[in-house]
Amino acid sequence: MLSLWLALPNQGDAETIYRQLGSDGRITYSDKPLGNSAALKPSGGSGTELPAAEAAAGLPYELRQVVSRYPVTLYSGPGCQPCNSARALLQSRGVPFAERTVSTPQDGEALRRISDELMLPVLKIGSQVLKGFSADQYDQYLSLAGYPKTSKLPASYRQLPAIPLVEIKKADTTPQPTPAGQLPANENPSNPGGIVF
């Protein structure tokens, strides 16, 4: 049973009352959190979320608060129709999100560490990982995290471009120093341009 529980203060006692939303949509109240609840937790900062300054710049206060507690990251791939649907849902709700593309074996291994599978799309809301695309599931978790149902983004907001999940490292092309008196391998006094025939 997929559920979310929230602690609500009880006005009459010093006890805590837990409100749990089940996957069937029913709400249950209890004085104890139920086991195996898939509660949304604020992100521990895995480094794949939007940087706080970029995510919060120019956003309304309420949205800034939600973004800082539950950053959203979409993991997508080229030619992935469910990924396009996931992106469209996030954009229609006005959810600021980071997008990481998975297109190399290194990206695939990094995705497997995040979601335990090689499946796209993957949506991460805070520390909650949703595999595959389900509009209802996405809407439910985004609402529980506090994201508005309709866009509250300012007209000036621009979505950051998608970037690869694993940074591509460029080969070091800086020339290496050669010992004094020795010519580099490609330099020959009779062929100073290093032309190879």
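In this report, the structure presented in the accompanying data block is examined. (Residues numbered from 1 in each chain as written. Predicted model: local features only at pLDDT ≥ 70, side-chain atom pairs only at ≥ 80, totals over all residues. Heavy atoms only, no water.)

This part covers the environment of Ser 143. With respect to the element layout, Ser 143 can be found in helix 5 (residues 135-145). In contact with Ser 143, not counting residues within four places along its chain, are Arg 93 and Lys 149. In terms of polar contacts, Ser 143 uses its side chain to reach the side chain of Arg 93, at 3.2 Å. (Helix = DSSP H or I, 4+ residues; strand = E, 2+ residues; numbered from the N terminus. Contact = heavy atoms within 4.5 Å. Polar contact = N/O pair within 3.5 Å; in protein donor to acceptor, adjacent residues only side chain to side chain.)

In this section: the state of the cysteines. The term disulfide refers to a covalent linkage connecting the sulfur atoms of a pair of cysteines. By the definition in use, this model includes one disulfide. What pairs with Cys 80 in a disulfide is Cys 83, and their sulfur atoms sit 2.2 Å apart. Classification of the bridge connecting Cys 80 and Cys 83 rests on its S-S torsion, roughly 75 degrees, and on that basis the disulfide is right-handed. For Cys 80, a relative accessible area of 13% puts it in the buried group. (Disulfide = S-S within 2.5 Å. Buried < 20%, exposed > 50% of the residue type's maximum accessible area, 1.4 Å probe, protein only.)

This next bit is on helix 2 (residues 61-69). Residues of helix 2 that are buried include every one of Leu 63, Val 66 and Val 67, and no others. Axial view of helix 2: buried residues confined to an arc of 100 degrees, hence all on one face. Turned more than 90 degrees away from the buried face of helix 2 sit Tyr 61 and Ser 68, all of them exposed. (Arc of directions from axis to C-beta.)

Turning our eyes to something else, we now look at helix 4 (residues 105-115). Where helix 4 is concerned, the buried positions are Asp 107, Gly 108, Ala 110, Leu 111 and Ser 115. Buried residues along helix 4 cover an arc of 165 degrees about the axis, so they all sit on one side. Projecting away from the buried face of helix 4 at angles above 90 degrees are the exposed residues Pro 105 and Arg 113. Where helix 4 is buried, its residues meet strand 4 (72-76), strand 5 (97-101), strand 6 (122-125), strand 7 (128-131) and strand 8 (163-164). Downstream of helix 4 by a residue or two, Asp 116 has a phi angle that is positive, lying close to 65 degrees.

For the structure on display, the rule yields four salt bridges. Notably, a salt bridge pairs Arg 87 with Glu 99, separated by 2.7 Å at the nearest N-O pair. Within this pair, whereas Arg 87 is found in helix 3 (residues 81-93), its partner Glu 99 is found in strand 5, the two being separated by twelve residues in sequence. What makes Glu 99 buried here is its relative accessible area of 8%. For Asp 139, the salt bridge goes to Arg 93, with nearest N and O atoms at 2.9 Å. (Salt bridge = Lys/Arg side-chain N within 4 Å of Asp/Glu carboxyl O.)

With respect to the helices and strands, the residue Asp 107 is situated in helix 4. Despite its burial, Asp 107 pairs with no opposite charge, the nearest such side chain being Arg 113 at 8.6 Å. If near-sequence neighbours (up to four positions away) are discounted, Asp 107 is found in contact with Thr 101, Val 102, Pro 164, Leu 165 and Val 166. (Lys, Arg positive; Asp, Glu negative; His and termini not counted.)

Treat this as a map of the structure, not an account of what it does.
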